[in-house]
Amino acid sequence: MFIRMIAKAFLRQWKKMVMIAFTIALGASLATAMLSVMMDVGDKVNHELKAYGANISVVPKNASVISELYDIEDGDVSGEYLAEDELGKIKTIFWAFNIVDYAPFISTEAVLDEGSTVTVKGTWFDHHMALPTGEELDAGVISMRSWWEIIDGDWLDEQKLGSDFCMVGTGIAQKEGISAGQTIRLKGPKAEKDLTVAGVFDAGSDEDNEIYVPLDTAQEISGLEGKVSSIEVSALTTPDNELARKAAEDPGSLSVSQYETWYCTAYVSSICYQIEEVITDSVASAVRQVADSEGQILNKTQMLMILITILSLIGAALGICNLVTASVMERSQEIGLMKAVGAHNPAITGLVLTEIMCTAVIGGVIGFFAGIGFAQIIGHTVFQSAIEIRAMVVPIVIVLVIVVTLIGCIPAIKMLQSLRPTEVLHGRA
Amino acid sequence: MNKRKMYIRMITASLLRRRSRMVIALLAIAIGATILSGLVTIYIDVPRQLRAQFRSYGANMLLAATERTFTKEDVDKALAVIPGEEIVGVAPYRYETVRINDRPILAAATDMEGAKASSPFWKVDGSWPASDEEVMVGKNVADTFRLFEGDRISVTYRPEDAGEEDLDNSVDLTVTGILDTGGKEEDYIYMTIAMMEELTGEDRGFNVCEMSIASEQSDLSGYADRISADSSVLDAKLVKRVTQSETTVLGKLQALVLLVTIIVMLLTMICVATTMTAVVTERRKEIGLRKALGASDRSIINEFMGEGLVLGAVGGLLGAVLGFWFAQAVSMNVFNSSISLMPWLLPATMVVSVLVTGIACLIPIRSATDVDPALVLKGE
């Protein structure tokens, strides 16, 4: 009989039920979408912040301060170097997955045809790597210098063009009258080479007075085969906390459990530490300008999203609550009739609750999937990538919908129980 | 006059009599309006607030000398181009090669307060130099010379025009802090401008000036062009790495907040509408009765709409205030700064609330008035 009554109620009042289900679906979709976006926004913004370039720089342990500062005659030659064949190891550290990009650099001096001396930097542009893990990665300055403005020609596409090309900073290009497509001769300390200019860039910094060439070209003209002088690494990191700061000073000062927590968290200091472990005689340090600011902006964005999510959750909850109250209240006449024919309060409460709950479940399920849809719209429009739906969202939305619907029923049920059938049927309540 | 009095009386009586339902309706509208005004305020104010956060990336404009150096007056003249409230930090630098233990080191002289503001990411172990006798050294320099906080160092300088038998200038300074940035700053030592003048014996002006300005990239390049055009000794350049990346990231964040605002607002408004519809549908009987008594469709619609609009306006007002309060709370919590008040948002929120309520009421009223009163009264 109970089931029949409920089924009847659904059939008879389907319009009303659809409306309740619709509102609950709206609320649930709002909650799902906002929770999903909120939980994923950190990762997404972190990726966007990679636009600022490397947050870790790796240099040889014995690089002399003085030679770096003053470019003492052939200073680089006497310094120590990192080994090029170790570069792949960076992608094998514990947090390898968080290393999104990196590029080695080697710097040398070269003389142009006209006799002027320029700084030549060898690096990766879009170096293709097949990692031991089976992963493939294109790394290099094309993605790590996203702010370079190419004012003539195009980026040097290493994979297509090979190593006989170069990119020239706008400062040199203007001074020497170099434009894209032209061939220039670079006379290095050891060898000389003709290179075609692939593009001219404007970096808005000292880099404008440098020439960038593929790594092996720079090694060839400087005679530094197999060596690199620094590595820039772009890694996804967790904002620093007290533990990370303590560890950054001296990892030895941590207790065993603290050390484990630190090592297994993607703090910039632990990633640096792990890079030092795999690259022989290296010092990896956080580029504070990028690393610190990153953490700050990440924290702020996440906080902002959390607060907006809370507001939307409250809005969704109150919206559902309200509608449930309104729609139960309007059934006073029907309930009055039931009471008049002898229905007890618990029976009526049970009936109303079951009806609403059935509707809530249907609405909630529809809303959940609609919410995932909304989250993906946001993800694709803003970040051009899908929002990952965390498993946590499911229980939160279920609990939210059930609790909110129940709360919405309370005032209505209280009112229904206090109804006096005669008054209702008479039309006075 | 009488008619209008009656109309007002009917509306107020109806609102008061059906208190519980009206509270529900009012609550629904107020929630909608709160979300509307709160999110719109955040959306409009967020770029400004976030831009201030992005200043933690440091200087986004550099003033370089076209010849050798420039003076404080040149900098002040350049600053006049930029609106004062947008300037976050200005740090002019003068670089000289000095010697510590006979080894050459690059020394920078700057305004410490300005450097602190324009390079907030600098981490100083110890403290910033507070007096002229104090010096801050880069981490690499500290490692090379094994310097610690509190050590005294002797810094020497040999003027270019010094003769064979002239002694080098020398000053003794106390190390107050060790600078850790992960960049080339770690190779320098930092002293005050006055001390540099004392050491070198001359005021040679500055080599470069770092500026941190909280404006959009397009405004920034405008300022840079104006400064370069106005001054014969200054060449203003944008730090592309900072400005370009900021534009990219900020654009994404703004798009995110915009999209979230639109979706949340849309869903909430539909929610408000369904609740209003539910509240009005309940009164089909009343409408039927009125019709049976001879009321015209027009007068019924007028009365119900009047009610709806009063609710919409009151709810909108309530929501606008709550929304502002919410936005303020968010701003204080996230950015530690108060939000700028936008007076136009109050009427705007009320208008939207009234519109949404009006549309939400109109549909059920229409369907009720279209039906034969006899059918409505019978409850079919």
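None of the values given here were measured: they were computed from a predicted structure.

### Structural notes on the overall build of chain A
What chain A contains, in helices and strands, is 16 helices and 14 strands. Scaling as 2.2 N^0.38, a compact globule of 429 residues should have a C-alpha radius of gyration of about 22 Å, whereas chain A reaches 33 Å, well beyond that. Restricting the contact set of chain A to residue pairs at least 6 apart, pairs at least 24 apart contribute 77%.

### Notes on the overall build of chain B
Helix and strand content of chain B: 12 helices and 10 strands. For a compact globule of 380 residues, the expected C-alpha radius of gyration is about 21 Å, and chain B comes in at 34 Å, more than 25% above that figure. Dimensions of chain B, computed from C-alpha atoms along their principal axes, come out at roughly 120 × 45 × 35 Å. Across the 380 residues of chain B, 45% fall into the buried class. Counted over contacts in chain B with a minimum sequence separation of 6, partners at least 24 positions apart contribute 83%.

### Quick notes on helix 9 (residues 242-249) of chain A
Residues and elements named next belong to chain A. The complete set of buried residues in helix 9 reads Ala244, Ala247 and Ala248. Taken around the axis of helix 9, the buried residues stretch over an arc of 105°, which confines them to a single face. Looking at helix 9, the residues exposed on the side facing more than 90 degrees away from the buried face are Glu242, Arg245 and Glu249. Here the buried face of helix 9 lies against helix 10 (256-263) and helix 11 (268-278).

### Quick notes on the interface of chain A and chain B
Where interface size is quoted, it is often the accessible area lost as the parts come together. Between chain A and chain B, the contact holds 58 residues from the first and 59 residues from the second. Breaking the side of chain A that touches chain B down by element, the ones donating at least two residues are helix 2 (14-48), helix 3 (65-70), strand 14 (282-286), helix 12 (288-329) and helix 14 (345-383) of chain A. If you tally residues by element for the side of chain A that touches chain B, the top one is helix 12 of chain A, at 23 residues. Of the residues belonging to the side of chain A that touches chain B, the class tally is 31 nonpolar, 20 polar and seven charged.

### So, the domain arrangement of chain B
When its domains are assigned, chain B resolves into domain 1 (2-53 + 248-378) and domain 2 (60-238). Placing the centre of domain 1 of chain B and that of domain 2 of chain B at their C-alpha centroids yields a distance of 58 Å.

### Describing the environment of Glu113(B)
Tracing the chain through its elements places Glu113(B) in helix 4 (residues 112-118). The exposed category is assigned to Glu113(B), around which 12 C-beta atoms lie within 10 Å.

### Quick word on the domain arrangement of chain A
Examined at the domain level, chain A breaks down into domain 1 (2-45 + 296-426) and domain 2 (55-286). On a C-alpha basis, the centroid separation for the pair domain 1 of chain A and domain 2 of chain A is 54 Å.

### A word on the nonpolar core
Ranked by size, the top nonpolar core spans 200 residues in total, and within it Val37(A), Ile56(A), Cys166(A), Val233(A) and Ile275(A) carry the most contacts. Looking at this core element by element, the count peaks at 19 residues for helix 12 of chain A. The residues contacting Cys166(A), other than those within four sequence positions of it, are Leu156(A), Leu195(A), Val197(A), Ala198(A), Ile211(A), Tyr212(A) and Val213(A). Core analysis: the second largest hydrophobic core is formed by 24 residues, Met136(B), Leu179(B), Tyr188(B) and Ile189(B) among them.

### Here we look at the packing of helix 10 (residues 297-335) of chain B against helix 11 (residues 345-370) of chain B
Residue and element names in this part refer to chain B. Look at helix 10 against helix 11: their axes get within 7 Å of each other, and the N-to-C directions meet at 150°. As judged from the angle between their axes, helix 10 and helix 11 are roughly antiparallel. The crossing of helix 10 and helix 11 is right-handed.

### Topic: the confidence of the model for chain A
Residue and element names in this part refer to chain A. The predicted model of chain A averages 83 in pLDDT, with 94% of residues at 70 or higher. The secondary structure element of chain A with the lowest average pLDDT is helix 4 (residues 75-78), at 44, and the one with the highest is strand 11 (residues 210-214), at 92. Counting interchain partners and residues more than four positions distant, the pLDDT-below-50 stretch residues 64-78 has 21 contacts.

### Some words on the environment of Arg331(A)
You can see Arg331(A) is positioned in the loop between helix 12 and helix 13 (332-340). Each C-alpha atom, one on Arg331(A) and one on Leu416(A), is 8.8 Å from the other, the two residues being 85 residues apart in sequence.

### Here's the deal with the environment of Gly358(B)
All names here are of chain B. Topologically, glycine 358 is positioned in helix 11. In this structure, the C-alpha to C-alpha distance between glycine 358 and glutamine 328, residues 30 residues apart in sequence, is 29 Å. Ignoring anything within four residues of it in the chain, the contact list for glycine 358 reads Met305, Gly308, Leu309 and Gly312.

### Considering the confidence of the model for chain B
Fine structural detail should not be taken from predicted coordinates in areas where pLDDT scores are low. A residue-level look at chain B finds 97% of positions with pLDDT of 70 or above and a mean pLDDT of 84. Complex prediction metrics read pTM 0.79 and ipTM 0.79.

### Structural notes on the pairing of strand 9 (residues 183-187) of chain A
Residues and elements named next belong to chain A. Side-chain alternation along strand 9 places Ile184 and Leu186 on a buried face and Thr183, Arg185 and Lys187 on a face that remains uncovered. Bridging between strand 9 and strand 10 (residues 192-202) involves five bridges; their strand directions are antiparallel. Its bridge partner lying in strand 10, lysine 187 is registered against glutamate 192. Linking strand 9 back to strand 10 in an antiparallel pair, the connection comprises four residues.

Rules and cut-offs
Residues numbered from 1 in each chain as written. Chains lettered and ligands numbered in written order. Predicted model: local features only at pLDDT ≥ 70, side-chain atom pairs only at ≥ 80, totals over all residues. Helix = DSSP H or I, 4+ residues; strand = E, 2+ residues; numbered from the N terminus. Rg over C-alpha atoms; globule rule 2.2 N^0.38 Å. Contact = placed C-beta atoms within 7 Å. Buried ≥ 20, exposed ≤ 12 C-beta atoms within 10 Å, placed from the backbone. Arc of directions from axis to C-beta. Nonpolar A, V, L, I, M, F, W, Y, C, P; charged D, E, K, R; others polar. Domains from an automatic or database assignment. Core = buried A, V, L, I, M, F, W, Y, C linked by C-beta atoms within 7 Å. Axes fitted to C-alpha atoms, helices over the stretch in contact; angles between N-to-C directions. Parallel < 35°, antiparallel > 145°, perpendicular 65-115°, else oblique. Left-handed = near helix turned anticlockwise from the far one by under 90°. pLDDT = per-residue confidence, 0-100. Pairing = 2+ DSSP bridges.

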